[in-house]
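# A closer look at the structure
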Number of protein chains: 2
Amino acid sequence: MANDYLARLDAIRNLMAEKAWDVLIVSGSDSHVSEYVSDRWRGVRWLSGFMGEGDLVITQDHAGVWTDSRYFISGREELSGTGYELHEIRIPGAVDVPEWLAAHFMEEVDGDVVICVDGVTQPARSVLDIKKTFSAFGYEVDNDNMGLRIVSVPDVLELIWENRPAIPMSPIISLGEDLVGESRSSKIAWLRNFLEEEGYGAILVSALDEIAWLLNVRGSDIDCNPVVISYLLVTKSEVRWFVRKTAFSRLDEETMESFGELKEDGVEICPYGDVEIGISEIMQELGEALYVDVDHLNYNLFNIITGVGQEGSVVMGASPVAVRKAIKNEVEIEGMREAHFEDGLVMERFLYWLESQVEYSEGIDEWDAACHLNELRSEVEGFKGLSFETISAYGPNAALPHYVTPHRGAALLGDDGLYLCDSGGQYMYGTTDLTRTVPLGRCDSLEREDYTLVLKGHIDLAMAIFPKGTAGCHLDVLARNPLWRNKRNFGHGSGHGVGFFLNVHEGPQGIRQDYNEQPILPGMVVSDEPGMYREGSHGIRHENLLLCRDAGENEYGSWLKFEVLTLCHMDTSIVDIQLLTDEELDWLNEYNERVYDQLGPYLPREVAHWLYRKTRPLEREKF
Amino acid sequence: MANDYLARLDAIRNLMAEKAWDVLIVSGSDSHVSEYVSDRWRGVRWLSGFMGEGDLVITQDHAGVWTDSRYFISGREELSGTGYELHEIRIPGAVDVPEWLAAHFMEEVDGDVVICVDGVTQPARSVLDIKKTFSAFGYEVDNDNMGLRIVSVPDVLELIWENRPAIPMSPIISLGEDLVGESRSSKIAWLRNFLEEEGYGAILVSALDEIAWLLNVRGSDIDCNPVVISYLLVTKSEVRWFVRKTAFSRLDEETMESFGELKEDGVEICPYGDVEIGISEIMQELGEALYVDVDHLNYNLFNIITGVGQEGSVVMGASPVAVRKAIKNEVEIEGMREAHFEDGLVMERFLYWLESQVEYSEGIDEWDAACHLNELRSEVEGFKGLSFETISAYGPNAALPHYVTPHRGAALLGDDGLYLCDSGGQYMYGTTDLTRTVPLGRCDSLEREDYTLVLKGHIDLAMAIFPKGTAGCHLDVLARNPLWRNKRNFGHGSGHGVGFFLNVHEGPQGIRQDYNEQPILPGMVVSDEPGMYREGSHGIRHENLLLCRDAGENEYGSWLKFEVLTLCHMDTSIVDIQLLTDEELDWLNEYNERVYDQLGPYLPREVAHWLYRKTRPLEREKF
């Protein structure tokens, strides 16, 4: 394979020389600045073989992939011999793409620096960053004759990418109010009210999960993300949904039906490719400003939007949809509870099977385990796919927080050490995401200590009570403190937002050190997932989903707390009870008791018995 | 008194009418945007009788004082009958001065709004805020004919303020390298290196504690803040200190001597009033930009600096002095330890005396207690004054976090409930600040619980270990979590920076919810002071000073921890031991043991015996 990548790199460089581009940037994003993308937009992977999330930069004398700590180890392996170098970002002293480029070309100040981007997949924000950085380095920017020049070539890779996957067109389903708790008409009315109040004429929504939420539709255009590749333009009188390229007659029945419903609700269905014309048209007629969320805008659309019309005809800001979507309504909350109940039954059956396999079978590997778990999930009514690729990792493999279990050559599960499984499902009525770290037998003292300290952090965050207005970045330390006190840490956030039968990562809230002023509000769902990773030895993560709920008011403020949505017992066999406070121990025992009480009656008899033993309360030894 | 304030308000309104000013703003600040000010700049107090920190705004139909939660209760009492209304800031939904003004005058859009400020005491930042807000409300700004007009009248209050206090001129002392660990020449050389590296020609330092630190001088121009009212202008070849107005022959001997030393080190002594001319002169000669910290600049100087020279001749940014000053060197750290040792001896003698007074005396009040404590401190060698006015508060009075103990009518200390004492000293070799909450006898269960929960928060912050780069806002929750868990909270930060024989509040670091990206670095000193206040009942605060120290490196990062500087036992008699974790209990017992070990040998015999009993380890009951 490495030779393929070298050949492609050669082809790219020839193209660049021909076109007189000094730099080609290939973004890891799609046209909607999605976190996860469909195969069509996996140009970085196709070019370099890099499997993680990252951006790629090619010059005549250098080729590199810029990525974060999740992919440092796996990325180096994948890029070995491909001609690409791995650049680390989001670490102290990191040199980001704009800075690297500006510094790299500082010596060629006598001539232009021409950077080619694929405007369709390049986030507008990233190009603005490049311009800003080059300007700070002393380049002339926005000047066609001198300094930095950005050339935007939509779908540039098609020039050399044969058999590039098409834009996906999975069936589109329409969800009724009984499932999602609010009609699309009500959501559109709310959005129009936003336009009215803020004095805008229209809004372009380009974030795929926001569109799916607004229109109460789901697809499967991106693996594990039940979204539909599309744009939505809402004015005070029109709703135009730019989606699909085919004529109606060639659509599947489910999509046809959904389109019918949408049209009844006043949604005009337009071809995906017409979005540019559509925006230009509307902007010329509008009279008031178009509102867009620049963080989900690609560079191509950014140019179109800022090129049409006069000054003041565009206002860029955060999407109002994101927060409202993140606050689940009562129907969504009930659905999430149901999804976690079904998912819990699956998980307990899986963990029971896993233990018996390890004890009695010829040997299963990480891949087998993942497959069995996926199979169990797929039997659940309303299951629509995984919410992300299952991470099934044993021993040292679990030390990679984003380990991708290989189909061939996966590690065999032994009868000692720790097995980590991070997985989740998309159900018609909710999304799940949980991680369990399971002792497969004997564990050493460091494994026990790490396991317990991570559990302490997990429990401390879950038990949090906090005043309304508290942002997640202020809660993050609760999940870390037990590790910090022992000079240990983990390199990812403590929690992320989770959608309702939507993306498993959703904003705007988060629980991490990075500053984010978004308060955690009642109805929001966040994960609680501290971890601990020892390269070459083991990895531990304990993850539940938490629902933020009201906890009453008093003279000191309005209070919020978390309800644990996830239902799956926490293994107590290697917990070092001395490290837990009484409160933490009580939480653990009560949680496990609740898991047994809620799931036990619905599990096969032998699994229920096993779970009963697994959830017996942990007690301190009496002296 | 209230009639005096009404009369002054009348006089002001007549003046405003005469001058055609719609608004007069009187800032609670001095010319250096100091947190605490000398009597000369207590215009707000002179006009309204308000004793706290706040800004005052007068129109023909309204007069108000804008202040934060520390002064809501006391402020309302003080302002009663004065014609001024109290406006609350830093609470959800607060309307700040700029917003209030813009909204108030929205209806008079046909004419100008003329705002008069005393440019000398009005922070530049606040005027910029007013302009920005008015502009957002649709006013024309920076246009002499229409909309908003700001009139800056230096020392405007002198027009009606008879017998206004003069600019203070306390004796200036010069501190040797043996006391402060670094010569002024070295500090100036470092500052010039900053100018060199950043490409600036000069820097104007206007923050008084930064000047004191840079020049190794101290004064007592502001109560409890050992600073000298002055400006410092440092170019690559000159150091001009604008200080004092008198001729050399009329200076006190100490100041004369200090000036002599400074001149030997190349510091030119200039009259305070010449700063405006000095800046103009230097800016015209400079060729390179002048660097200023706009957060410590008054509006008058801001106008001068931005009015002289061309574009690019001024750069505004954060002062580089603040961080370097906050990081104490080894000599300063040793001095701080010594100060806390001496201060601890004072405190234990005070607490011993207090207990005996409450038990055996006719009755002492809060004022007597504060006086006795101040007297004990003043006997210490090197004592240079209090670091802030002692808060001596009994029972419900302690529920006001910034209670000012009255000379007459202070509460008598009884033999039950809680007494809170927050105090500190300025010593030649360091600054102290501690709070002890002392049970004077029987306490009810809520007092015991509050006392213990605040103590838990205090201990949890003190025990923190955290990776290098962690900002204080991420640690704040550690001090709050035990209270939050019980739906209780306190309305102030958990910790503030503390100077070395300098201001008891110093930045840039802090431990509070407000976002502040400044990491807590080795050598920084911060307070650890969670509290709990129940109006009409009791107030609790436990405060020590912590020194940030290195805690080693490992594969997970560079680690930092705190050393407790304060030496004064924590009363354990009303601790609810069930609420403490084993770790917290160990910390408490070890701390008290250390206090006894270090102070005991130096205390009078009967005090040492008493302290021995007071610091006996708290033990859980065995069942």
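Residues numbered from 1 in each chain as written. Chains lettered and ligands numbered in written order. Predicted model: local features only at pLDDT ≥ 70, side-chain atom pairs only at ≥ 80, totals over all residues. Heavy atoms only, no water.

### Remarks on the interface of chain B and chain A
With 29 residues of chain B in contact, the opposing surface of chain A contributes 29 residues. When chain B packs against chain A, close to 2,800 Å² is buried across both sides, 57% of that on carbon and sulfur atoms. By the criterion of area lost to chain A, the three top residues of chain B are B:Arg485, B:Lys487 and B:Tyr556, representing 26% of everything that side buries. The tally of links from chain B across to chain A stands at four salt bridges. For A:Glu583, the salt bridge goes to B:Arg485, with nearest N and O atoms at 3.1 Å. The interface formed by chain B and chain A includes twelve residue pairs in polar contact (both at pLDDT 80 or more). Contributions of two or more residues to the side of chain B that touches chain A are made by strand E21 (465–467), helix H16 (472–484), strand E25 (531–534) and strand E27 (544–554) of chain B. Residue classes in the side of chain B that touches chain A are distributed as 16 nonpolar, seven polar and six charged. (Contact = heavy atoms within 4.5 Å. Buried area = accessible area lost by both parts, 1.4 Å probe. Salt bridge = Lys/Arg side-chain N within 4 Å of Asp/Glu carboxyl O. Polar contact = N/O pair within 3.5 Å; in protein donor to acceptor, adjacent residues only side chain to side chain. Helix = DSSP H or I, 4+ residues; strand = E, 2+ residues; numbered from the N terminus. Nonpolar A, V, L, I, M, F, W, Y, C, P; charged D, E, K, R; others polar.)

### Comments concerning the relation of the copies chain B and chain A
The transformation that overlays chain B on chain A combines an axial shift of 0.0 Å with a rotation of 180°, and the residual RMSD is 0.0 Å. Accordingly, the operation relating the two chain copies is best matched by a two-fold axis. A shared interface surface links the copies, since 100% of the contact residues of chain B are contact residues in chain A too. (Least-squares fit on C-alpha atoms with pLDDT ≥ 70 in both.)

### Side note on the packing of aromatic side chains
Residues and elements named next belong to chain A. Within this structure, the stated rule accounts for 37 aromatic pairs over all chains. Note on Trp241 and Phe259: the rings are 6.0 Å apart at their centroids and 80° apart in plane angle, and the pair reads as edge-to-face. Taken as a pair, Trp241 in strand E11 (residues 239–243) and Phe259 in helix H9 (residues 253–264) lie far apart in primary sequence, 18 residues in all. The exposure class assigned to Phe259 is buried, which follows from its relative accessible area of 1%. Considering the side-chain rings of Trp587 and Tyr591, the 5.2 Å spacing of their centres and the 10° angle between planes classify their relative orientation as stacked. Separated by four residues within a single helix, Trp587 and Tyr591 lie in helix H17 (residues 582–599), roughly one turn from each other. Take Tyr591: its relative accessible area is 4%, and that puts it in the buried class. (Phe/Tyr/Trp six-rings, centres within 6.5 Å; stacked < 30°, edge-to-face > 60°. Buried < 20%, exposed > 50% of the residue type's maximum accessible area, 1.4 Å probe, protein only.)

### Remarks on unusual backbone geometry
Omega for the peptide link from A:Gly507 to A:Pro508 comes to 0°, which places this bond in the cis form. By secondary structure assignment, the location of A:Pro508 is in strand E23 (residues 506–511). In the Ramachandran plot, A:Asp155 falls in the positive-phi region, its phi being about 55° despite a non-glycine side chain. Its identity as a non-glycine residue notwithstanding, B:Lys487 has a phi of 55°, on the positive side. In this structure, B:Lys487 sits in the loop between H16 and strand E22 (495–497). On the basis of relative accessible area, B:Lys487 is assigned to the partly exposed category, the value being 28%.

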